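Architecture at a glance
One-letter residues, chain by chain:
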Amino acid sequence: KEFPPLPGNHQIFEVISFLKKNPLHMFPYDFIHKYDSKRVEVYEDEDSAYKYVLYKDKRLYYPLGWSPENIKYSHSFSCLEQDNDSPHSYESSSFNYYGDDIAVDAGAAEGNFSLSIVEKVKKLYIFECEEGWLAPLRKTFQAWSEKVEIIPMKLSEKVTPESTTLDQFFAQKNELPTILKIDVDGGEKDLLQGASRIFK
């Protein structure tokens, strides 16, 4: 049955319209059709066995053992997530990065967000606790080693052998972050509770 649009519900009807013509998708919007994993080019590093894709004209490395098909799908999906029209996009036209910004990327995974801002900011702290991403991240950011620090820990509300807090981490630095990008699979509240001094 068709229902007339209600004021303020255009997003609901946009999704319903999409689902009438397309299969169920995590992002039920037409912009997903811009991303096809078959069009992703995968390259092999000339000095190692690591494979990479070009993201904004920079090399973005993936873990050893990943097949080209897995890399193509993963990269295509992460680009789709960061489309300007995606509700998951980390960036916005109203948000800018400056040469004196200190950025934290909490939950970096492959590091696509960090790679997109690395040349715009003064310093970049990348937190990633999944061991499989650490070596590819080091390969990706080796050209910016003087301004990028990769920390193999989880950010949380308490300090343990596997985790730290933003307050504790930056207590040992002579700077505070001006940008926080946080994507930590449900641990966002704990992370923020461990950053009360920074926010003050």
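Above this text is the structure in question.
Residues numbered from 1 in each chain as written. Predicted model: local features only at pLDDT ≥ 70, side-chain atom pairs only at ≥ 80, totals over all residues. Heavy atoms only, no water.

Section: the sheet that holds strand β5 (residues 123-127)
- If you trace the four strands from one edge of the open sheet to the other, you get β6-β5-β4-β9, paired in parallel fashion. The sheet is open, and its two borders are formed by β6 (148-151) and β9 (179-182), each paired with just one other strand. If you compare each strand with its neighbour and ignore which way they point, the axes differ by 15° on average.
- Note that strand β4 (residues 102-106) and β9 share four bridges and pair parallel. Across the sheet, the residue bridging to A103 is I179, located in β9. (Pairing = 2+ DSSP bridges. Helix = DSSP H or I, 4+ residues; strand = E, 2+ residues; numbered from the N terminus. Axes fitted to C-alpha atoms, helices over the stretch in contact; angles between N-to-C directions.)

With respect to the nonpolar core
- Formed by 25 residues in total, the largest nonpolar core has its most connected members in L124, I126, F141 and V148.
- Sequence-distant contacts of L124, that is, excluding residues within four places in its chain, are made with A103, S114, I117, V118, F141, K147, V148 and E149.
- Within the second largest apolar cluster, 13 residues are counted, among which are V104, F170, A195 and I198. (Core = buried A, V, L, I, M, F, W, Y, C linked by side-chain atoms within 4.5 Å. Buried < 20%, exposed > 50% of the residue type's maximum accessible area, 1.4 Å probe, protein only. Contact = heavy atoms within 4.5 Å.)

As for the packing of aromatic side chains
- As enumerated under the stated definition, the model contains 14 aromatic pairs in all.
- Measuring from ring centre to ring centre gives 5.3 Å for F95 and Y97, while their planes differ by 75°; the resulting arrangement is edge-to-face.
- For the pair F127 and F169, a centre-to-centre distance of 5.0 Å together with 75° between the ring planes defines the contact as edge-to-face. Here F127, found in strand β5, pairs with F169, found in helix α5 (residues 166-171); they are 42 residues apart in sequence, far enough to count as distant. With respect to class, F127 is no different from F169; both count as buried.
- Put simply, the rings of Y90, F95, Y97 and F113 pair up and form one aromatic cluster. (Phe/Tyr/Trp six-rings, centres within 6.5 Å; stacked < 30°, edge-to-face > 60°.)

Overview of the pattern of salt bridges
- The full count for this structure, using the stated rule, is seven salt bridges.
- With a closest N to O distance of 2.7 Å, K34 and D83 form a salt bridge. Linking K34 in the loop between α1 (10-21) and β1 (43-44) with D83 in the loop between α2 (68-81) and β4, this pair joins segments that are 49 residues apart in sequence.
- Overall, the relative accessible area of 47% leaves K34 in the partly exposed class.
- Between D45 and K139 there is a salt bridge, with the nearest N and O atoms lying 3.4 Å from each other. Placement of the pair is D45 in the loop between β1 and β2 (51-55) and K139 in helix α4 (residues 131-140), with a sequence separation of 94 residues.
- One continuous salt-bridge network, built from bridges that share partners, spans D45, E46, R59 and K139. (Salt bridge = Lys/Arg side-chain N within 4 Å of Asp/Glu carboxyl O.)

Observations concerning the sheet that holds β2
- Across the sheet, which stays open at both edges, the three strands sit in the order β1-β2-β3 with antiparallel pairing between neighbours. Both edges of this open sheet fall to β1 and β3 (58-61), since each of them pairs with a single strand only.
- As paired elements, β2 and β3 share four bridges and run antiparallel to each other. Opposite V53, over in β3, you have L60 as the bridge partner.
- Along the sheet, α2 makes contact with β2 and β3, crossing β2 at roughly 25°.

Quick notes on the side chain of E128
- Mapped onto the secondary structure, E128 falls in the loop between β5 and α4.
- K181 provides the closest opposite charge to the buried, salt-bridge-free E128, at an N-O distance of 7.0 Å.
- A distance of 3.1 Å separates a polar atom in the side chain of E128 from the backbone nitrogen of A108.
- With residues up to four places along the chain from it excluded, the contact list for E128 reads G107, A108, A109, W133, L134, L137, I151, P152 and M153. (Lys, Arg positive; Asp, Glu negative; His and termini not counted. Polar contact = N/O pair within 3.5 Å; in protein donor to acceptor, adjacent residues only side chain to side chain.)

Comments concerning α2
- Taking 1.5 Å of rise per residue, the 14 residues of α2 would be expected to cover 20 Å, and the 20 Å separating its terminal C-alpha atoms lies within 8% of that figure.
- Among the residues of α2, those classed as buried are I71, S74, H75, S76, S78, C79, L80 and E81. (Expected span 1.5 Å × (residues − 1).)

Overview of unusual backbone geometry
- Unlike most non-glycine residues, K56 shows phi in positive territory, near 55°.
- Relative to the helices and strands, K56 resides in the loop between β2 and β3.
- Backbone geometry at D57 places phi at a positive 65°, although glycine is not the residue there.
- Tracing the chain through its elements places D57 in the loop between β2 and β3.

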